[in-house]
Amino acid sequence: MVSSPVERAFRQDVAFWAKRGGLLFRQARHAASLNQKALASVSGTSRTTLSAYEHGRKSPTLETAGRILDAAGFRLVLEAKVEFTTRVAGDGRTFHVPSRLPRLPLAAALGRVRLRERVYDLADRDERRAAYVALLCEGGPQELLDHVDGVLLLDLWDELILPQEVRAEWWPLVEEARHEAGDMN
C-alpha cells in the first residue's frame, strides 16, 4: 500500500510525539525517584503499560498522561509556543525576535549565563542589563528562551542601550506585555 506524503508526515509526527512523551514520563519518574513498578502502582496503570509509554510503543490518553505525571509530582500544562523571526541589522548582523515574551523558572531567570567569553549573574540587575543587551543583539533563539524572562525584560527595557533596529523589532512585544500587565490591574 502506497501512502501519501501527508500520511507519512503524520505518522512521523505521531512517532516523534510518542518518543517525546516517553522521555517526559521517564524524566518525571526519575525526578520522583520512582521505579516503573512504583509509579505504575500509584498512577493506577500496569508496569508493562507504563514501559510501553516510556518507550514510545504506546500513547496514553491525555487523562492517563495527566494521572501518571500527577502521581510523579508533576502537572500537565499547556504552554504557548514561542517562534522566532530572524532580522538583519544595518551592519549585516542577524538577531532574533520571539513571537511572545516567555516566563522562565526562577532558577533560570536569576541564574548565571555564559555568553561568548563572559559569565553574567542574572540575579544582579546591572549584570542582567548587560546580558540582556548582548542576548537581544546577538543571542540565538535557544539562548533567548533559556535566559530572557519577559517580566524582567519589561523591568529593564527603558534602561537597555540597544541599536535602533533591535529596539524597534522588540518594542511591539514589550508594549503588548505592558498592555496585558495593565489589564490585570
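For the structure, see preceding data.
Looking at this structure, how should I read the packing of aromatic side chains?
Two aromatic rings are characterised by how far apart their centres lie and by the angle between their planes. The final tally for this structure, using the stated rule, is 1 aromatic pair. Ring geometry for Phe25 versus Tyr53: centroids 6.0 Å apart, planes at 40°, classification tilted. With Phe25 in helix H1 (residues 5-31) and Tyr53 in helix H3 (residues 47-54), this residue pair connects regions lying 28 residues apart in the sequence. Across the ring face of Trp157, the terminal group of Arg167 is positioned such that the distance to the ring centre comes to 4.5 Å.

How do you make sense of the pattern of salt bridges when you look at a structure like this?
Between side chains of opposite charge, a pair can form when the charged atoms approach closely. This structure, assessed with the given rule, holds 14 salt bridges. Notably, a salt bridge pairs Glu159 with Arg125, separated by 2.4 Å at the nearest N-O pair. Of this pair, Glu159 sits in the loop between helix H8 (150-156) and helix H9 (164-184) while Arg125 sits in helix H6 (residues 125-138); the two residues are 34 residues apart in sequence, bridging distant segments of the chain. Judged by relative accessible area, which is 30%, Arg125 ranks as partly exposed. Two residues, Asp126 and Arg129, come together in a salt bridge whose shortest N-O distance is 3.0 Å. In this pair, Asp126 and Arg129 are both assigned in helix H6, 3 residues apart and thus about one turn of the helix distant. Overlapping salt bridges bring together Asp91, Arg93, Arg116, Glu138 and Glu143 as one network.

Help me understand a nonpolar patch on the surface in this model?
A surface patch of nonpolar side chains, about 300 Å² in accessible area, is lined by Leu24, Leu62 and Leu76. Mapped onto the elements, Leu62 comes out in helix H4 (residues 62-71). On the basis of relative accessible area, Leu62 is assigned to the exposed category, the value being 68%.

What should I look at first to understand the layout of surface pockets in this one?
Over the atoms, a rolling probe the size of a water molecule traces out where space has been left empty. Taken as a whole, the largest pocket encloses approximately 1800 Å³ of empty space. Lining the largest pocket are 47 residues, with Arg20, Leu24, Val77, Glu79 and Ala80 positioned closest to its centre. Where the lining of the largest pocket is concerned, the elements lending two or more residues are H1, H4, helix H7 (141-147), H8 and H9. At 11 residues, H1 tops the list of elements feeding residues into the lining of the largest pocket. Broken down by class, the residue content of the lining of the largest pocket amounts to 29 nonpolar, 8 polar and 10 charged.

Cut-offs and rules
Residues numbered from 1 in each chain as written. Predicted model: local features only at pLDDT ≥ 70, side-chain atom pairs only at ≥ 80, totals over all residues. Heavy atoms only, no water. Phe/Tyr/Trp six-rings, centres within 6.5 Å; stacked < 30°, edge-to-face > 60°. Helix = DSSP H or I, 4+ residues; strand = E, 2+ residues; numbered from the N terminus. Lys NZ or Arg CZ within 6 Å of the ring centre and 35° of its normal. Salt bridge = Lys/Arg side-chain N within 4 Å of Asp/Glu carboxyl O. Buried < 20%, exposed > 50% of the residue type's maximum accessible area, 1.4 Å probe, protein only. Patch = residues over 30% accessible without salt bridge, like charges linked within 9 Å, V, L, I, M, F, W, Y side chains within 5 Å. Areas by Shrake-Rupley, 256 points an atom, 1.4 Å probe, with all protein chains shown as cover. 1 Å grid on protein atoms, 1.4 Å probe; cavity = no way out; pocket = protein on both sides within 12 Å on 5 of 7 lines; lining within 4 Å. Points joined across faces, edges and corners; volume = space filled by probe spheres on them. Nonpolar A, V, L, I, M, F, W, Y, C, P; charged D, E, K, R; others polar.

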